Amino acid sequence: MKKYINTGSKDTRSGFGVGMTELGQKNENVVALCADLIGSLKFDDFKKNHPERFFQIGIAEANMIGIAAGLTIGGKIPFTGTFANFSTGRVYDQIRQSVAYSEKNVKICASHAGLTLGEDGATHQILEDIGLMKMLPGMTVINTCDHNQTKAATLALADHHGPAYLRFGRPVVPNFMPADEPFIIGKAIMLNEGTDVTIVATGHLVWEALVAAEALEAKGISAEVINIHTIKPLDEEAILKSLAKTKCVVTAEEHNILGGLGESISRVLALHQPAPQEFVAVNDSFGESGTPEQLMEKYKLNNQAIVEAVERVIKRK
Amino acid sequence: MKPNTQQLNDLTIQVRRDILRMVHAVNSGHPGGSLGCTEFLVALYQNLMDRKEGFDMDGIGEDLFFLSNGHISPVFYSVLARSGYFPVKELATFRLINSRLQGHPTTHDNLPGVRIASGSLGQGLSVAIGAAQAKKLNNCSHIVYTLHGDGELQEGQNWEAIMYASAKNVDNLIATVDLNGKQIDGTTDEVLAMGSIRAKFEAFDWEVIEITKGNDIEAIIGGMNEAKARTGKGKPICVLLHTEMGNGVDYMMYSHAWHGKAPNDAQLANALEQNYNTGGNTDY
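What counts and how
- Residues numbered from 1 in each chain as written.
- Chains lettered and ligands numbered in written order.
- Predicted model: local features only at pLDDT ≥ 70, side-chain atom pairs only at ≥ 80, totals over all residues.
- Heavy atoms only, no water.
- Helix = DSSP H or I, 4+ residues; strand = E, 2+ residues; numbered from the N terminus.
- Rg over C-alpha atoms; globule rule 2.2 N^0.38 Å.
- Contact = heavy atoms within 4.5 Å.
- Areas by Shrake-Rupley, 256 points an atom, 1.4 Å probe, with all protein chains shown as cover.
- Lys, Arg positive; Asp, Glu negative; His and termini not counted.
- Charge placed at Lys NZ, Arg CZ, Asp CG, Glu CD.
- 1 Å grid on protein atoms, 1.4 Å probe; cavity = no way out; pocket = protein on both sides within 12 Å on 5 of 7 lines; lining within 4 Å.
- Points joined across faces, edges and corners; volume = space filled by probe spheres on them.
- Nonpolar A, V, L, I, M, F, W, Y, C, P; charged D, E, K, R; others polar.
- Buried < 20%, exposed > 50% of the residue type's maximum accessible area, 1.4 Å probe, protein only.
- Pairing = 2+ DSSP bridges.
- Right-handed = clockwise from strand over helix to strand, strands pointing away.
- Buried area = accessible area lost by both parts, 1.4 Å probe.
- Salt bridge = Lys/Arg side-chain N within 4 Å of Asp/Glu carboxyl O.
- Polar contact = N/O pair within 3.5 Å; in protein donor to acceptor, adjacent residues only side chain to side chain.

Trainee: How should the overall build of chain A be read in this particular structure?
Mentor: Helix and strand counts for chain A come out as 13 helices and 14 strands. For 317 residues, the compact-globule formula gives about 20 Å, and the C-alpha radius of gyration of chain A, at 19 Å, lands near that figure. Along the first, second and third principal axes, the C-alpha set of chain A runs to 60 × 35 × 35 Å. Pairs at least 24 residues apart make up 80% of the contacts formed inside chain A by residues separated by at least 6 positions. Accessible surface, chain A as shown: approximately 11400 Å² in total, 52% of it carbon and sulfur. Separation between the mean location of the 31 positive side-chain charges and that of the 37 negative ones in chain A comes to 3 Å.

Okay, structure coming up:
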């Protein structure tokens, strides 16, 4: 029943760069702001093609968020770019007052989210950003899974009015979402139909969930895999529909177990359809230096961890 | 037709009365800094700014103002109302439940005249820089004005913004610092001495203009016109506006005590006595 195949590995963040390049040509109101990380955010082409619409802010993220809010006053659509930690935790109050509370059309775009940043270690590996951003009233929160989806989300955000957080990673990962798959904010994507368990995944864990589903199939377990690219607003209908069939869920995310996608799903279940849930997430811990693969294994964020979580949750049905 | 000095002074007294009555009515709010900046905001909205009819968020084709030290909302609301942005009688809802006149200004309730929320200090200059840069992209030659408290300069984000504005030649921006030398806990020198603010701005390559009589309408208009004349020449402009906190109410002046304290009934009556209603019965 697998609907999506790996078409070759690409880095997720380059999808953002390609999206920005396209937006630069398509929408003259789109402007880009960067805090000394042009290469990391793949802003090179946008800067080259539209120097007047590219703002190099320097190492001053609070100022960047404020300037972005100001640029909306005049009809611009600012996309800010830096690492996820400096995009959110470092500037939470600026985002809260000048962007979210002020209802400004700012797109906060964050690369290097989660553990897969790797060797830089815990100072740069924010695992709390989804929670921080989803708690802000009016903030849309998107976590994309691969190159193609990151590009599609970038394009979709320019047409969406309101503050938004777009989170993506640094590493090269399987690129499996079709290039022509429409990105509809708030609409979950069913990747694999199944009957025994629902696996709800976001970001880099979506591919791991698909790999896990294959392993489970070999063990005679039929897993439904849903790609939740939009954590807020959450597609509750898609989740409840799947749960009505499978009666149990595993959530998978590269984030702290507290405040992430898993807790959002728990709330939906508690309100509408209580069911056993297992979490694949970082267990309330900071990260550390290591290769992305080593970290995903140590912190139990890979396909084996998902398989184990499925086996646990099915026993609890 | 711009109002003459007498009319501006009369309006200043009316705005003072508004501030005092608004803060007294809810026993809450910030009269000190509001009273100190009354002449400035009256001059700005009634004489200096080039404003178009009505209100839209983008403000293309007109000057913009951003209040960074949002706690002086009483003076901001009063001047906005008396400049036609919303009904004057709405001032009676200040800080009340379900009001558009929140304790600190917000865009959340679509109050005409407000383009950014402020209250958490130190964010307004960055926003104003963004708006000024948007004006350049839109080929709009109008000016962006801001007002900041002097104590507010203790927030680090200001210095990120101050550094950026000169480095990027944001020369359609006039940032005004209300130099009253006081903050909640005492004088700025007692709390965290900042040395020469003029020298600091100049070191960051800003044009600096001082208005030593910051509670004098004509001095403000003269100084601000000088500031306007210096826009468009590659540098951002800083206006150091020397004011007295609590200006116009004798027992509130020369102290930080009335930064965030409301007058009681007798104190209100006394303060209103000092500010006779010169324009007939125009209280809200």
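Trainee: How should I be thinking about the side chain of serine 34 of chain B in this particular structure?
Mentor: Residue placement: serine 34 of chain B occurs in helix α2 (residues 31-36). The residues touching serine 34 of chain B, leaving out its near neighbours within four places in the chain, are Ile19, Ile72, Pro74 and Val75 of chain B.

Trainee: Explain empty space enclosed by the protein here, please?
Mentor: Within the structure shown, the criterion is met by five cavities of 30 Å³ or more. Computed from the structure, the largest cavity encloses a volume of approximately 50 Å³. For the lining of the largest cavity, a count of residues per class yields two nonpolar, six polar and two charged.

Trainee: Could you clarify how one ought to interpret the pairing of strand β10 (residues 197-201) of chain A in this entry?
Mentor: The two faces of the sheet receive side chains in turn, since in a regular strand these alternate between them. Residue and element names in this part refer to chain A. Of all the five residues making up β10, five are buried; the element is thus mostly covered by neighbouring parts of the structure. Across the two faces of β10 the burial is the same, with Val197, Ile199 and Ala201 and Thr198 and Val200 all buried. With five bridges connecting them, β10 and strand β11 (residues 223-227) associate as parallel partners. Each bridged residue has a counterpart across the sheet, and for valine 197 the counterpart in β11 is alanine 223. Read from β10 through helix α9 (residues 205-218) to β11, the crossover connection turns out right-handed. Looking at chain direction, β10 and strand β13 (residues 249-256) are connected through four bridges and run parallel.

Trainee: Honestly, the interface of chain A and chain B in this entry has me stumped. Any pointers?
Mentor: Frequently, the measure chosen for interface size is the accessible area removed from exposure when the parts meet. On the chain B side, the residues contacting the 28 residues of chain A number 30 residues. Note on chain A versus chain B: buried area summed over both sides is about 2300 Å², and carbon and sulfur give 52% of it. When the buried surface of chain A facing chain B is broken down by residue, Ile73, Gln97 and Tyr101 of chain A rank first, second and third, together holding 27% of it. At the junction of chain A with chain B, the criterion picks out zero salt bridges. One can count 21 residue pairs in polar contact (both at pLDDT 80 or more) joining chain A with chain B. Put simply, the parts of the chain that give the side of chain A that touches chain B at least two residues each are β3 (54-56), α4 (61-72) and α6 (92-101) of chain A. With nine residues, α4 of chain A is the single largest residue contributor to the side of chain A that touches chain B. Of the residues assigned to the side of chain A that touches chain B, the class counts are ten nonpolar, eleven polar and seven charged.

Trainee: Honestly, the pattern of salt bridges in this entry has me stumped. Any pointers?
Mentor: Side-chain pairs of opposite charge can arise whenever the charged atoms involved come near each other. All names here are of chain A. Applying the stated rule across the entire model yields 25 salt bridges over all chains. Glutamate 288 is the partner of lysine 298 in a salt bridge, and the nearest nitrogen-oxygen pair spans 2.8 Å. Of this pair, lysine 298 sits in helix α12 (residues 292-298) while glutamate 288 is found in the loop between β14 (277-282) and α12, placing the two residues ten residues apart along the sequence. Classification of glutamate 288 by relative accessible area gives partly exposed; the value is 29%.

Trainee: Help me understand the pairing of β14 of chain A in this model?
Mentor: Residue and element names in this part refer to chain A. With five of six residues buried, β14 lies mostly within the body of the structure. Relative to β14, β13 is paired through five bridges, and the arrangement is parallel. Opposite alanine 252, over in β14, you have valine 280 as the bridge partner. Handedness of the β13-helix α11 (residues 261-272)-β14 crossover: right-handed.

Trainee: Quick question: what am I supposed to make of the environment of lysine 300 of chain A here?
Mentor: Residue and element names in this part refer to chain A. With respect to the helices and strands, lysine 300 occurs in the loop between α12 and α13 (303-315). When the C-alpha positions of lysine 300 and valine 282 are compared, they lie 7.5 Å apart, and in sequence the two are 18 residues distant. Discounting chain neighbours no more than four positions away, the residues touching lysine 300 are Val280 and Ala305.

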